Amino acid sequence: MDIIDNLILGFSVALTPFTLFLAVVGCFLGTIIGALPGLGPSNGVAILIPITFSLGLDATSALVLMTSVYYGAMYGGRISSILLNIPGDEPALMTTLDGYPMAKQGRAGEALVLSGVASFVGAFLATLGLILLAPVLAEVAYSFGPAEYFALYLLAFCTLGGMSSNNQAKSALAACLGLGISMIGVDNSSGMERFTGGNLHLMDGIDFLVAIVGLFAIAEVFFFIESHGKSSSIGIKLEKVVIPWKSIMETKWVMLRSSLLGFVAGVLPGAGASLGSFMAYMSEKAIAGEKGGFGTGVPKGVAAPEAGNNAAAGGALVPMLTLGVPGSGTTAVLLALLMTLNITPGPTLFAERPEVVWGLIASLLIANVVLLLMNVPMVKIFVRVLQVPPWILLPGVTMVSFVGIYSLSGSYFDLLLMVGFGILGYALRKLDIPTVPVILGILLGSNMEDALRRAMVIADGEFTYLFSSPIAIGLWIAAIVGFVAPMFLRNILKKPQRITD
Amino acid sequence: MMSDRIFGLIVLFVALAYIVGATQIQTSFLSDPVGSKTFPMMIGAIAGLCGLVMMIRPDPDPEWPAGRTFFALLIAVAVLVAYAFALKPFGFIFPTAVAAGVLSYQLSPRAGPAALSGVGLSVGLFIVFKFALGLGLIPFPEGFLG
């Protein structure tokens, strides 16, 4: 059994005292980051990457730490969703629909524990799915040539834009913006500089970490200033926390179904966790029917999106690790982490660096157990974090972002660029232009161009080579469908709006 | 309506400038069938098209900040830019305290707590970064402590 051997290898990496310590620290930090209103998994992980890099941890340790933060933030996001009605990020939006009404009925403790268990089930099943599916997909990915990779990158941009945005033109524009930025700097193939305007700082291109921290964290600060920190009003008090065995048993099938749906949604490139929690919630709502009372504060309405959300987060790791194509904003940030650590995701990663892949998978399993143990008894501690006033929190986040980027290069130019990206991110989000495709464009731009150019070198400039294999044709069709279909589905699949009181 | 139209127009101009910029890229003796110009020009063309679509089919306007809020945002940007320039010559402690204090004041206009949170964040973060995480930060400008 290959899988057993690999898992043993993974646990031998992940169970050293130091990695275990990092996993616990990461889970704790991650839960706090997820719980803080306005800080979600994407920007939380983003501001920590440069600092982790500056610490000089080796690749496996850094990966363990950051994936623990990632999983932790997915767990923590539910706390502010349920108690404050503020989703930490988009996938957590679905949890507010029933979680907040439950909290208002004085069942906040029940909702928190139940959602913690649902998160555990979703994440655990998704990690199992990852173990089974990733090696298979890695095998398939070996047969991918440059033409297939070009189509795959296109697919990622098309589905990401199609699923997560309300306007196709705007999401395509966002992708072009990212791709355009990634062209800046010295061209890999010819060695000539492009779009630098003779500026020496731009010769190496724009560091994707600068762009990510700017677009996610600094833009968030501007939004907070605009709302004057109003949104983090006093939430609902948390009374005694007991383990609601009855609700857990009642929702066990809901959790299993939602996990499966979420995992599938997460594996689709570009779809990600938002789609996972959305589909899980909507399908359970349909199964329960009118009498189910979804939206009024029922346990099933909390369990479904949380299981779906966390399963999608695990599923999104499958295309990210095997193909190098992230499925969501947060996995895009994790891809940035891998690239910072000089690890190239893709099928060769499984063959050449099994200790990284399986160490990561083992630490996901460990992190998941740690999170469940941490979240049920210690939920009161994390709830206290919500009381940090924004006028301390937001300047703190800004300063951490600055120090992180500054410690990377020590240049004021990167800091200015980061502020610039912050302003850009603010304007884009105001105009309802998604920022995740921008990040994806910056990350994947040069790979996408390389794939195109290598394909053309092989085919000697004959562009029909791009559609010459069944896999490539399939990917092109999927890309076009993924981009066009949501235009027609948008009227049918209306997203539920946030409840306001 | 207007926001999308204006932004679409800006995108169109930037995309055109980008394409013109792409035609200026120098080619080297290392060449391939695609070359270093084609991909940027494709991106520029698609971006321009998106700009046009935004102008033709604009979405409803967002609520832009006005008056005091807009001013607060301007100050925040100015503070961050100044902070970026000040971090190297003035060390970590002073610029961080000032920048964090001003940002804090922007969120909640009370001078006392804002000043406290500025100083507290500055010193606290310095201790965490320098001693717990071992990052090489310089606390004060050179020669400040004699």
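- Under an unreviewed UniProt entry, the name given to chain B is Tripartite tricarboxylate transporter TctB family protein, and the source organism is Leucothrix arctica.

- As annotated in an unreviewed UniProt entry, chain A carries the name Tripartite tricarboxylate transporter TctA and is attributed to Leucothrix arctica.

### Overview of the nonpolar core
Then, in step 1: Counting 195 residues, the largest nonpolar core has A:Phe402 and A:Phe421 as its most contacted members.
Then, in step 2: Here this core takes 16 residues from helix 6 (residues 108-141) of chain A, the largest share from any one element.
Then, in step 3: Two domains share this core, each providing at least three of its residues, namely domain 1 (2-56) and domain 2 (67-132) of chain B.
Then, in step 4: Here A:Phe402 is in contact with A:Ile218, A:Leu415, A:Met418, A:Val419, B:Leu80, B:Tyr83 and B:Ala84, once residues within four sequence places are set aside.
Then, in step 5: Membership of the second largest hydrophobic core comes to six residues, among which are A:Met94, A:Leu97, A:Phe278 and A:Tyr281.

### Some thoughts on the interface of chain B and chain A
Then, in step 1: Contacts between the two partners involve 61 residues from chain B, matched on the other side by 61 residues from chain A.
Then, in step 2: Between chain B and chain A, the buried area comes to about 5300 Å², and carbon and sulfur atoms account for 81% of it.
Then, in step 3: It is B:Phe39, B:Leu80 and B:Leu107 that lose the most area in chain B upon contact with chain A, and together they represent 13% of the buried surface on that side.
Then, in step 4: Run the count over chain B and chain A and you get two salt bridges.
Then, in step 5: For B:Asp4, the salt bridge identified is with A:Lys170, shortest N-O distance 2.8 Å.
Then, in step 6: Applying the counting rule to chain B against chain A returns eight residue pairs in polar contact (both at pLDDT 80 or more).
Then, in step 7: Taken together, the elements giving at least two residues each to the side of chain B that touches chain A come down to helix 1 (2-23), helix 2 (38-56), helix 3 (67-90), helix 4 (93-107) and helix 5 (111-132) of chain B.
Then, in step 8: Sort the elements by how many residues they give to the side of chain B that touches chain A and helix 3 of chain B lands first, with twelve residues.
Then, in step 9: Tallied by class, the residues present in the side of chain B that touches chain A amount to 42 nonpolar, 13 polar and six charged.

### Observations regarding the UniProt feature "transmembrane region" (unreviewed entry) in chain B
Residue and element names in this part refer to chain B.
Then, in step 1: Mapped onto the present numbering, the UniProt feature "transmembrane region" (unreviewed entry) falls at residues 38-56, 68-86, 92-108 and 115-140.
Then, in step 2: Counting secondary structure, residues 38-56 comes out at 100% helix and 0% strand; the distance between its end C-alpha atoms is 27 Å.
Then, in step 3: Each end of residues 68-86 is marked by a C-alpha atom, and these two atoms are 26 Å apart; helix forms 100% of the span and strand 0%.

Conventions adopted
- Residues numbered from 1 in each chain as written.
- Chains lettered and ligands numbered in written order.
- Predicted model: local features only at pLDDT ≥ 70, side-chain atom pairs only at ≥ 80, totals over all residues.
- Heavy atoms only, no water.
- Core = buried A, V, L, I, M, F, W, Y, C linked by side-chain atoms within 4.5 Å.
- Buried < 20%, exposed > 50% of the residue type's maximum accessible area, 1.4 Å probe, protein only.
- Helix = DSSP H or I, 4+ residues; strand = E, 2+ residues; numbered from the N terminus.
- Domains from an automatic or database assignment.
- Contact = heavy atoms within 4.5 Å.
- Buried area = accessible area lost by both parts, 1.4 Å probe.
- Salt bridge = Lys/Arg side-chain N within 4 Å of Asp/Glu carboxyl O.
- Polar contact = N/O pair within 3.5 Å; in protein donor to acceptor, adjacent residues only side chain to side chain.
- Nonpolar A, V, L, I, M, F, W, Y, C, P; charged D, E, K, R; others polar.
- UniProt positions renumbered as here; feature names shortened; annotations may be inferred.

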